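Spelled out, the chains give:
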Amino acid sequence: MKENSVKRTVTIKNSSGLHARPAMLLAELANKFEADVTLSLGRRRVDAKSIMELLTLGAGWGSKLTIAAQGKDAPQALDAVARLIVQEFSEAKDGN
């Protein structure tokens, strides 16, 4: 049986982009799943379970990231990671 493989593109809408705190939140979330999860920006693809790799993307406001997940719980991993990004990493809009 072939493993699940899913993909979705999302846009970073928080003004600070994918800096240290969002990268940490994203890696922690991705690590909760068995699926392999990657993020791509242009031709660059990184492991979403690695904070350091996520930071190397240099993904700022407006960046279009492609999330790909493959494995047993890939759909759930993809949905969770996409939701975190779309919800702007739960960062307060007023700077608090």
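Note: the structure precedes this text.
Residues numbered from 1 in each chain as written. Predicted model: local features only at pLDDT ≥ 70, side-chain atom pairs only at ≥ 80, totals over all residues. Heavy atoms only, no water.

K.L.:
What is the right way to read unusual backbone geometry from this model?
P.N.:
Trans is the prevailing form of peptide bonds, just as negative phi is the prevailing case for residues other than glycine. In this structure, Glu88 takes a positive phi of about 55° despite not being glycine. The topology assignment puts Glu88 in the segment after α3 (74-86). Judged by its relative accessible area of 17%, Glu88 falls in the buried class. (Helix = DSSP H or I, 4+ residues; strand = E, 2+ residues; numbered from the N terminus. Buried < 20%, exposed > 50% of the residue type's maximum accessible area, 1.4 Å probe, protein only.)

K.L.:
For this particular structure, what's the right way to read α3?
P.N.:
Structurally, the α-helix is built with 3.6 residues per turn, so residues lying three or four positions apart point the same way. With 13 residues, α3 should cover 18 Å at 1.5 Å per step; its first-to-last C-alpha distance of 18 Å lies within 8% of that length. Every buried residue of α3 is accounted for by Ala74, Ala77, Leu78, Ala80, Val81, Ala82, Leu84 and Ile85. The elements touched by buried residues of α3 are β1 (5-11), α1 (20-30), β2 (36-41) and β4 (64-70). Directly beyond the C-terminal end of α3, a positive phi value near 55° is found at Glu88. (Expected span 1.5 Å × (residues − 1). Contact = heavy atoms within 4.5 Å.)

K.L.:
Would you explain the nonpolar core in this entry?
P.N.:
Grouped together as the largest cluster of nonpolar side chains are 29 residues, with contacts concentrated most on Leu18, Leu26, Leu39, Leu54, Ile67 and Ile85. Contributing elements (two or more residues each) for this core: α1, β2, β4 and α3. Among the elements that take part in this core, α3 stands out by supplying eight residues, more than any other. Each residue touching Leu54, except ones within four places of it in the same chain, is listed here: Leu18, Ala23, Leu26, Ala27, Leu39, Val46, Asp47 and Ala48. (Core = buried A, V, L, I, M, F, W, Y, C linked by side-chain atoms within 4.5 Å.)

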